[in-house]
Amino acid sequence: MSAENLGFLLIGIAAVILGATIIVMLVRSELAAASGNVGKSSGGKLVLAVALGMGVIAFSFKLAVFTLMTTLPRQTITPLMVERHFAEIVPASWSTMPEIPQKDEPYVWQALPLAAPAPADNPTTPEKVALGRQLFYDANLSQTRDVSCASCHDVDGGTGVDSRRTSKGIRGQMGGRNAPTVWNAAFQAVLFWDGRSPSLEDQAKGPPLNPIEMGMASGEAVAQRVRDDAAYRQPFDRAFGKNAPITFDRVAQAIAAYERTLITPDAPYDRFVRGDRLALTPAQLRGMALFQSTGCISCHSGANFSGASFVNLKDGDPPAAVATDNGHLRMFPGNDTPYVQRYNLVADKGAGGRDADRGVWRIPSLRNVALTGPYLHNGSVDKLEEVVRIMAMSQLGASVGTDTHQGRMVFWSQDDRSVSKVDRPVLSDGDVQDIAAFLKSLTSDALAKKVAAR
Ligand code: HEC
Ligand code: HEC
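Residues numbered from 1 in each chain as written. Chains lettered and ligands numbered in written order. Predicted model: local features only at pLDDT ≥ 70, side-chain atom pairs only at ≥ 80, totals over all residues. Heavy atoms only, no water.

### Digging into the nonpolar core
Among the nonpolar cores identified, the biggest contains 38 residues, and W109, F291, F305, L376, I390, F438 and L439 are the most heavily contacted of them. Sort the elements by how many residues they give to this core and helix 15 (residues 384-396) lands first, with seven residues. Sequence-distant contacts of F305, defined by excluding residues within four places in its chain, comprise W109, Y269, F291, H300, P364, S365, L366, R367, F438 and L442. By size, the runner-up hydrophobic cluster in this structure holds 33 residues, among which are V129, V182, M214 and L262. (Core = buried A, V, L, I, M, F, W, Y, C linked by side-chain atoms within 4.5 Å. Buried < 20%, exposed > 50% of the residue type's maximum accessible area, 1.4 Å probe, protein only. Helix = DSSP H or I, 4+ residues; strand = E, 2+ residues; numbered from the N terminus. Contact = heavy atoms within 4.5 Å.)

Next up, the structure:
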């Protein structure tokens, strides 16, 4: 204890003694005289003095403990805190940790809007939606007349995916990427794993012309297939006006309008956010808190759980893409982990380009994610819990399960030649289960029923 602290302690004790003396004097002279029956007997005086004295002693005790706590040598207290394995050096690759939102701007959880935003030049109408649905299910839009959009995006079955690692197109050809679900794609500001398409209208023109997926020679060839089919004349008139020419652009517009109706605002999570306190299980609620505190929300944010979506809005704001510093894309994997090799995560660099050392990808939505495995751009991971571990380690520098690099570590930056401390989130296996449970609360009730009925 330093001389200065000792001085404080002595002054404290002196103040307590002085205070106690004044109180005792007051009891004797004033209270006893003024307080009727109690004060008359010496027993009464004793009771009063003891009661007041106890208060003074309790106060002094608190003061002593406080002084002791603040003056104990640091080493005695730090083991009680979270600095574990403090001396390990973090490799430079841990430097990509995203910023976790600060406490003074609380994260606002949002339910999914009940309608998807549509662009001014392609308003959603029931007629266009009906036409779009017909086109979505039409295998004639593929060269071999046996693959439709629905072949890879099984909307009727509930999931909107093909449940394969990578997709199978015409003549059994296998593509290189996993099919994302079309459910809630209407809320994404950019589409495809690498975010290369800016709208559903633009996206819908991709698969018909993709040589692996549907293999049509040109947009005109697609439009001709539609013109050749008499079943389309009436729906086209209704959707675009009498005798409106059937064009590839309009085919894409109708499909996009249909996709804007493929939304799922009916998940337990949505019911919870709208006020049904019992919609989430305790495990899901714990997972929700971990999803925030671990930092998943720094990327999977807003109502569609994707920083790349239209719906990170406060109530009443007009639909607008969220401006993030680097657009809607993130490096993945952000850190070197054993998962990179195990799941072949850097063979495909996405938007990162051929010479990049790792991939750059659009942040996917996590809605209905429990139904849409296998996971990641290459469909390499089967279990949701495993994706949570991969995300936590490679996107947030967290330590997971049996990973030995626990807790806070020392980070060496070669560029600045500086050492700093890094607090890494630590997730137990139970935490991982809880986060996965929370992700399951993003499954639409209606889709869950469809899948169960299959
Ligand atoms: C052979 C399987 C296959 C067919 C057929 C197919 N898709 Fe896809 N779809 C995929 C795959 C794989 C991706 C991801 C490709 C990528 O990111 O590079 C994808 C991506 C998408 C996306 C983007 C979703 C998102 O979250 O970014 C939409 C929307 C979509 N497809 C709609 C359609 C429509 C509409 C059709 C029909 C015109 C169609 N797909 C035909 C396999 C298919
Ligand atoms: C730094 C941004 C970032 C953070 C933080 C992040 N993710 Fe991701 N997440 C991504 C990107 C990018 C992908 C797409 C990866 C790919 O291309 O394979 C993804 C993919 C996923 C997927 C797979 C989706 C699918 O359909 O295959 C899940 C599940 C997921 N993240 C959950 C989480 C959880 C849980 C956390 C927190 C522990 C988290 N993410 C933190 C960016 C992030």
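### Let's talk about the coordination of the iron atom of ligand 2
For the iron atom of ligand 2, the full set of protein donor atoms is H300 (NE2) and M391 (SD), at a range of 2.1 to 2.2 Å. Viewed at the metal, the six donor atoms of the iron atom of ligand 2 are separated by angles of 89 to 180°, and the geometry they form is octahedral. Of this pair, H300 sits in the loop between helix 13 (282-294) and strand 2 (329-332) while M391 sits in helix 15, placing them 91 residues apart in sequence. (Donors = N, O, S within 2.8 Å, 3.2 Å for Na, K, Ca; no water. Tetrahedral: all angles 85-135°; square planar, octahedral: opposite > 155°, others 65-115°.)

### Details of the site of ligand 1
Around ligand 1 sit 28 residues in total, of which C149, C152, H153, F192 and W193 are the nearest. The contact in question runs from an oxygen atom of ligand 1 to an N or O atom on the backbone of F192, over 2.7 Å. In this structure, an oxygen atom belonging to ligand 1 sits 3.0 Å away from a side-chain N or O atom of R196. Mapped onto the shell around ligand 1, the elements with two or more residues apiece are helix 6 (149-152), helix 7 (200-204), helix 8 (206-209) and helix 11 (248-259). If you tally residues by element for the shell around ligand 1, the top one is helix 7, at three residues. Class assignment for the residues of the shell around ligand 1 results in 16 nonpolar, six polar and six charged. (Near = heavy atom within 4 Å. Polar contact = N/O pair within 3.5 Å; in protein donor to acceptor, adjacent residues only side chain to side chain. Nonpolar A, V, L, I, M, F, W, Y, C, P; charged D, E, K, R; others polar.)

### Digging into the pattern of salt bridges
Summed over all chains, the structure comprises 20 salt bridges. R454 is the partner of D154 in a salt bridge, and the nearest nitrogen-oxygen pair spans 3.5 Å. Of this pair, D154 sits in the loop between helix 6 and helix 7 while R454 sits in the segment after helix 17 (445-453); the two residues are 300 residues apart in sequence, bridging distant segments of the chain. Salt-bridge contacts for R260 lead to E201; the nearest nitrogen and oxygen are separated by 2.9 Å. Of the two residues, R260 is situated in the loop between helix 11 and helix 12 (268-273) and E201 in helix 7; the sequence distance between them amounts to 59 residues. Across this residue pair, the class does not change: R260 and E201 are buried. (Salt bridge = Lys/Arg side-chain N within 4 Å of Asp/Glu carboxyl O.)

### Observations concerning the site of ligand 2
Taken together, the neighbourhood of ligand 2 is formed by 23 residues, with C296, C299, H300, H377 and M391 sitting nearest. When residues of the shell around ligand 2 are traced back to their parent elements, those giving at least two are strand 2, strand 3 (359-362) and helix 15. Per-element accounting of the shell around ligand 2 gives the leading share, six residues, to helix 15. Residues belonging to the shell around ligand 2 are distributed by class as follows: 16 nonpolar, five polar and two charged.

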